[in-house]
Every structure is written in C-alpha cells, then in structure tokens.
Amino acid sequence: MAGERAVGLVRELRGATGGNLPPFRAEGLRQALEEMRALYERNQADVSEAKSGRTDLIFLIRFRHCCLLRNQRCILAYLYDRLLRIRALRWEYGSVLPNTIQFHMSAEEVEWFSRYKKSLATYMRSVGGEEGLDLTQDIKPPKSLYIEVRCLRDYGEFEIDDGTTVLLKKNSQHFLPRWKCEQLIRQGVLEHILL
C-alpha cells in the first residue's frame, strides 16, 4: 500500500522509548522518497491525460496526491523527531556524545549536532558576565550544594574552585560541590551515591 515505508520510519521512532535514538534508516528513507518520485511521475502522466478529457483519472490523481502529502508529513516527522532527540542528548550528555549514540546518527545529524553545540556554547558565553553561564548545570534543582560521589574509572586530578585538587581514582569516594561534578556524572566518570 502507498505510504507504508514512510509510516514504518515513524513507527520505529515511536517504538524507541526513553529518549533512545534508533539507528538512522537511510535505506528506508531512500525507499520512501523513491516511492514519492514514482507517484509523482504517474500523476504527471495522468494529469496530461485528464486534461485531454479523461475525467475518470481525477480521483486516482487526488489519491496519489494525498499519498504524496502523507509521505512528506511522515518523512518530515521522522527527521524532526530525530533532531529533537539529538538536541535532548546534548543537554543530557554534554558536548561529547558516547560512540554508541554517534554510531546511530547520519553524517548530516552529526554536523547538525556540532553546529547546535557551538551555537549553545556561544550563547552561554554571551550571558552571565565574564565567565559565562553554564545552562547545562543543575537541570534539576539541587537539594544540597555538596554531594557524595564514587569514581567509576581513573580520571586523574580534579581541581575545585578553592584551589584544592582531588585525585579521582577508580572506586574512590569524595564529597564534592554538585556543580563541579555534575558533568562528570553525565559522562560516566563519577556516580552519585544516594544515602
């Protein structure tokens, strides 16, 4: 049936819950676009025949046109939803995405992510005075300014604002300012210990 390939792309995204990014389906997208091209060419041929007096083709032309519009909406919804998910990943993981997520992105999506993170960084530097304002910190309001964390892998020395350096070694526990270690928690270097 007309339009099933494009709808399949949207169904796959709908099935990926929890903000996960499924692999980019270039072949499915290509097939949907090829189907649209074929529908358009058949419509063009039938329109020229309908102009010569074959009015029985008008309903078929309208049906194909509706299929074209449906495919267009599905493809745009697929691409837009993927961009929204990628934008949310920037806020969740920071400016460096894990390789498992980048593997599921197309080259154009990687380029869009790069431009988005540069634009966000430029904006954050422009607000908040001399040092800028990091909008990615404290996505959820903190209950306390310091938290206890456990180091999941060797990271090396980590400097706090007061000049104190802390050596982050695997399985070591520390009591650190939340805002200094929140990015490391998102990157998987530290783990928040809930008491």
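No experiment lies behind these values; they were computed from the predicted model shown. (Residues numbered from 1 in each chain as written. Predicted model: local features only at pLDDT ≥ 70, side-chain atom pairs only at ≥ 80, totals over all residues. Heavy atoms only, no water.)

Trainee: Honestly, the packing of aromatic side chains in this entry has me stumped. Any pointers?
Mentor: Two aromatic rings, taken as a pair, are described by how far apart their centres are and by the angle between their planes. Following the criterion strictly, the structure yields three aromatic pairs and no others. Where tyrosine 146 meets phenylalanine 175, the ring centres are 5.7 Å apart and the plane angle is 20 degrees; that geometry is what we call stacked. Of this pair, tyrosine 146 sits in strand S1 (residues 146-151) while phenylalanine 175 sits in strand S4 (residues 173-177); the two residues are 29 residues apart in sequence, bridging distant segments of the chain. Residue classification places phenylalanine 175 among the exposed residues on the basis of a relative accessible area of 57%. (Phe/Tyr/Trp six-rings, centres within 6.5 Å; stacked < 30°, edge-to-face > 60°. Helix = DSSP H or I, 4+ residues; strand = E, 2+ residues; numbered from the N terminus. Buried < 20%, exposed > 50% of the residue type's maximum accessible area, 1.4 Å probe, protein only.)

Trainee: Would you mind going over a nonpolar patch on the surface with me for this structure?
Mentor: Together, Tyr123, Leu133 and Leu135 give the surface a local cluster of nonpolar side chains, amounting to about 280 Å² of exposed area. When you line up the elements, leucine 133 lands in the loop between helix H5 (107-126) and S1. (Patch = residues over 30% accessible without salt bridge, like charges linked within 9 Å, V, L, I, M, F, W, Y side chains within 5 Å. Areas by Shrake-Rupley, 256 points an atom, 1.4 Å probe, with all protein chains shown as cover. Salt bridge = Lys/Arg side-chain N within 4 Å of Asp/Glu carboxyl O.)

Trainee: In this structure, what is going on with the sheet that holds strand S5 (residues 190-192)? I would like to understand it.
Mentor: Paired through their backbone hydrogen bonds, the strands of a sheet run either parallel or antiparallel. The three strands are arranged S4-S1-S5 in an open sheet whose pairing can be described as antiparallel. Edge positions in the sheet fall to S4 and S5, since each of these pairs with one other strand and no more. Within the sheet, the average angular offset between the axes of one strand and its neighbour, ignoring direction, is 45 degrees. As defined by bridge partners, S1 adjoins S4 across five bridges and the pair is classed as antiparallel. By the bridge assignment, glutamate 148 is partnered in S4 with phenylalanine 175. (Pairing = 2+ DSSP bridges. Axes fitted to C-alpha atoms, helices over the stretch in contact; angles between N-to-C directions.)

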